[in-house]
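# Structure at a glance
Letter by letter, the chains look like this.
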Amino acid sequence: MKTSVRPGIVAPGWVIAIAFLSAAGPQSVQAQELVIHEVAQTKGSQQAPFGTINDMLEIDDGRILVSDDVVGIVHAWNVERGAVVRFARGGQGPGEVTVPSRMAARPGGGFGIYDIGASALLLFDAQAMPERVVRTEGGIVSNPKSLAILRDGSFLVAGGRLTDPRHLHHYDGTGRYLGSYGDPSPFLQERTPLIQSAGGALRAHPEGGFLLSYGAPLRIKRFPRDSFDAPELIAEDVAVLPELREEEVYVESDRSPGPTVFRWWHDRSTGVTTLPDGRILNVITRFYSGDSIWDVYSPDGSLEVRKVVETAFYLYGTTRDGRVLASYRDPDTDEHVAVVLEIEILK
């Protein structure tokens, strides 16, 4: 798959700079401007399109992995060469995947892939070679939203287990189940929305512990240790993204009246990450309205800038040089497009 690369600052037509939203609650938006530049993207190849983009991760050699749980493989995107090739094919052998989903860096180098089909974390070393498979206790996490691997070797998967609708599930380095955290919305009762909407955006924090941004409502917590102990509320704004309600995520099918179906792409926070200067970036993706809300918070949780961007971006994380990994679906062709973005915060 050939891709296009736009090094550095791109032409004005590719710059995204949209007006502020008004902030709700005690937080205030300062007089700053968030500008987003597109550096590279994969749009345009019909020979090797993504079935879907489930996650993106920069690995140690600089390539960007793209997990595709529809096709059942993991792609490797070399941004400098402008090409996408297969990294992990479908199968059950070493380095192969069945239903690859969320990915995360390992603190000491290397990375992991949560494979739904195997109910396991597939671990790779710093040379991107398969190291071992860690089977998880307690059944699969259905519709996982994110993954974080912590300094003590344990890991977290965000999403509902088939027997547990809480948001986060913690496993030790051998896959032993340690516990769960985060009650679902009080407005959900049916099993399908309870399980499938659970989870949120996870990111291991560079100073230890991790961040959790609930899928909904807009609620970001910092966990200072590699456990569920002593979480600190960083930000909350239920006016912008409220608690999920059953009638919003469990609706009648368009194809046949009567049966209800889960609304897979409901509004939710899809990514949270710590920027190189310590500030926190959170993105709410609003697929059905075709836009996304980009929030930047100071390390103590003060909202510094909020922008509505007229593309429904999904945020996955950052590269080592601070660029942003994201994707979107073309509204005309439904092509899943991976992008590398550069953000500036102007005062």
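Just so you know, the residues in each chain are numbered from 1, in the order the chain's sequence is written. A pLDDT threshold of at least 70 governs which residues receive local features in this predicted model, and a stricter bar of 80 or more applies before side-chain atom pairs are shown or counted, although totals over entire chains, interfaces and linings include all residues. Calculation of side-chain values draws on the structure's entire complement of heavy atoms; hydrogens and water are dropped beforehand.

Our next topic: the layout of surface pockets. For the largest pocket, the calculated volume is near 950 Å³. Asp, Glu, Lys and Arg are counted as charged, while Ala, Val, Leu, Ile, Met, Phe, Trp, Tyr, Cys and Pro are counted as nonpolar; the rest, among them Gly, fall into the polar class. Counted by class, the lining of the largest pocket contains 22 nonpolar, 15 polar and 10 charged residues. Here the second largest pocket is characterised by a volume of approximately 550 Å³. The set of elements that each furnish at least two residues to the lining of the second largest pocket consists of strand E8 (100–105), strand E12 (141–149), strand E22 (268–274), strand E26 (314–318) and strand E27 (324–329). It is E12 that contributes the most residues to the lining of the second largest pocket, 4 residues altogether. Looking at the lining of the second largest pocket residue by residue, the class counts come to 9 nonpolar, 9 polar and 6 charged. The method works on a 1 Å grid over the protein atoms by themselves. A cavity is a set of points holding a 1.4 Å probe that cannot get out, a pocket is an open set with protein on both sides within 12 Å along at least five of seven lines, and residues with an atom within 4 Å of a point line them. Grid points are joined across faces, edges and corners, and a volume is the space filled by probe spheres set on the points. Numbering of helices and strands runs from the N terminus; a helix is a DSSP stretch of H or I covering at least four residues, while a strand is a stretch of E covering at least two.

This brings us to empty space enclosed by the protein. As enumerated under the stated definition, the model contains 1 cavity of 30 Å³ or more in all. Computed from the structure, the largest cavity encloses a volume of approximately 50 Å³. Forming the walls of the largest cavity are His 167, Pro 184, Ser 185, Leu 188, Leu 194, Ser 197, Ala 198, Gly 199, Gly 215, Ala 216 and Leu 244. Its residues assigned to classes, the lining of the largest cavity shows 6 nonpolar, 5 polar and no charged.

Strands sit in the order E22-E23-E24-E25 across an open sheet of 4 strands; the sheet is antiparallel. Looking at the sheet topology across the chains shown, the edges are occupied by E22 and strand E25 (303–309). When the angles between neighbouring strand axes are averaged without regard to direction, this sheet yields 15°. Here 7 bridges tie strand E23 (residues 280–286) to strand E24 (residues 291–297), and the two strands are oriented antiparallel to one another. By the bridge assignment, Thr 285 is partnered in E24 with Ser 292. Strand pairing follows a simple DSSP-based rule, namely that at least 2 bridges must link the two strands. All axes here are fitted lines through C-alpha atoms, helices being fitted over the stretch that makes contact, and every angle between N-to-C directions spans 0 to 180 degrees.

Core analysis: the largest hydrophobic core is formed by 21 residues, its most contacted members being Leu 218, Ile 220, Val 272, Ile 280, Ile 284 and Tyr 297. Listed by contribution, the elements that provide at least two residues to this core are strand E18 (218–223), strand E19 (232–237), E23, E24 and E25. Residue contacts are defined here by distance: any two heavy atoms, one from each residue, within 4.5 Å place the two residues in contact. If sequence neighbours within four positions are ignored, Leu 218 has contacts with Ala 235, Glu 236, Asp 237, Leu 241, Ser 269, Asn 282, Ile 284, Asp 295, Tyr 297 and Arg 306. In this description, a nonpolar core means a group of buried Ala, Val, Leu, Ile, Met, Phe, Trp, Tyr and Cys residues linked to one another through side-chain atoms lying within 4.5 Å. Type-normalised accessible area, obtained with a 1.4 Å probe on protein chains alone, sets the label of each residue: buried when under 20%, exposed when over 50%, and partly exposed for intermediate values. Listed in part, the 18 residues of the second largest apolar core include Leu 34, Val 309, Tyr 328 and Leu 341.

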